[in-house]
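Summary of the model geometry
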Amino acid sequence: MHRFFVEADYEENMVLSGPVAHHILDVLRMQPEEEMELVTDDGVIARVRITEAGAGWLKVAVRQILSEPREPKCRVTLAQGLAKGEKMDFVLQKAVEIGVSRIIPVAMDNCVMRLDGEKSSRKLERWQRIVQSAAQQAKRDCVPELLPVSSFAQALQGDYDLVLVAYEGETRVMLKDVLRGGEYRDILVLIGPEGGMTEEELDLASKAGARTVSLGRRILRTETAGLVVLSNIFYELG
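Residues numbered from 1 in each chain as written. Predicted model: local features only at pLDDT ≥ 70, side-chain atom pairs only at ≥ 80, totals over all residues. Heavy atoms only, no water.

1. Points about the state of the cysteines
Taken as a whole, this structure holds zero disulfides when the rule is applied. Among the cysteines around Cys142, which has no disulfide bond, Cys74 carries the closest sulfur, lying 13 Å off. Take Cys142: its relative accessible area is 32%, and that puts it in the partly exposed class. (Disulfide = S-S within 2.5 Å. Buried < 20%, exposed > 50% of the residue type's maximum accessible area, 1.4 Å probe, protein only.)

This is the structure in structure tokens:
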């Protein structure tokens, strides 16, 4: 069953318009009497039935309030170094499917991709659509937050229980050992770009209380490393 996020508070009968209505009516070609799931701005998840439809709008009536939670207990923020080509698209899509709560694209010193001005705005619009679509496909209860492109120092700001840096030079501290060492509710994960993090960035992260961890003996690509960390976090912490 399709799931959609609507920018309105819950009501027993709702009128949908704009991009959501376009997708339902023109792309999926859904008709009156068909059912779907809606997630409203105030956090209500409901199964609804289309009762009426017109050009660019449709009315729905609630059939059932769904109460089963799908969101992870642990809130994880992924600070991903900007990656070239379609790698960022892949990371955003899969991170949302796995369960990330927030994503920060980070302009690091070794990033090949450089974004500023209008180019940055266009990329963020594209990335927001990818995040929205992935959240709907995975039947998330919310759309993860996508922040604007940030500096490394900006990405470190925040109140976290744990800050992790996946670092190929770490040989003693394994990710699984850190995760099994305590209960965490808010984690920041820092992933470097294709060229990795610089010594200055690693030093800055260390001063902010970050812990460097190893993901094993193999060197992972930037678009793989973050997804491995997220998968391990949600496996260990539920």
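Moving on, there is more to tell.
2. Thoughts on the nonpolar core
Counting 60 residues, the largest nonpolar core has Trp127, Leu164, Ile187, Leu190 and Ile233 as its most contacted members. The dominant element in this core, judged by the number of residues it contributes, is helix α7 (residues 222-237), at seven residues. The contact partners of Leu164, leaving out residues within four places of it in the chain, are Leu175, Val178, Leu179, Ile187, Leu188, Val189, Leu190, Arg211, Val213 and Ile233. (Core = buried A, V, L, I, M, F, W, Y, C linked by side-chain atoms within 4.5 Å. Helix = DSSP H or I, 4+ residues; strand = E, 2+ residues; numbered from the N terminus. Contact = heavy atoms within 4.5 Å.)

3. Side note on the pattern of salt bridges
Under the counting rule described, the total for this entry stands at 12 salt bridges. Here Glu37 ties to Arg3 by a salt bridge, and the two come within 2.9 Å at their closest N and O atoms. In this pair, Glu37 is assigned in strand β3 (residues 35-39) and Arg3 in strand β1 (residues 3-5), connecting sequence segments 34 residues apart. Each member of the pair, Glu37 as well as Arg3, is classed as buried. Between Lys87 and Glu194 there is a salt bridge whose closest N-O contact spans 3.5 Å. Note that Lys87 is positioned in helix α2 (residues 87-98) and Glu194 in the loop between β11 (186-191) and α6 (199-207), a separation of 107 residues in sequence. (Salt bridge = Lys/Arg side-chain N within 4 Å of Asp/Glu carboxyl O.)

4. A look at the pairing of β11
Among the six residues of β11, six are classified as buried, and the element is accordingly described as predominantly covered. Residues Asp186, Leu188 and Leu190 point to one face of β11 and Ile187, Val189 and Ile191 to the other, with burial holding for every one of them. Inspection of the sheet shows strand β6 (residues 75-81) paired to β11 by six bridges, in the parallel sense. Its bridge partner lying in β11, Leu78 is registered against Val189. Across four bridges, strand β10 (residues 162-166) lies against β11 in parallel orientation. (Pairing = 2+ DSSP bridges.)

5. Observations concerning a negative patch on the surface
The grouping of Glu7, Asp9, Glu11, Asp41 and Asp42 at the surface amounts to a negative patch. Mapping Asp9 onto the fold places it in the loop between β1 and β2 (13-17). Judged by its relative accessible area of 48%, Asp9 falls in the partly exposed class. (Patch = residues over 30% accessible without salt bridge, like charges linked within 9 Å, V, L, I, M, F, W, Y side chains within 5 Å. Areas by Shrake-Rupley, 256 points an atom, 1.4 Å probe, with all protein chains shown as cover. Lys, Arg positive; Asp, Glu negative; His and termini not counted. Charge placed at Lys NZ, Arg CZ, Asp CG, Glu CD.)

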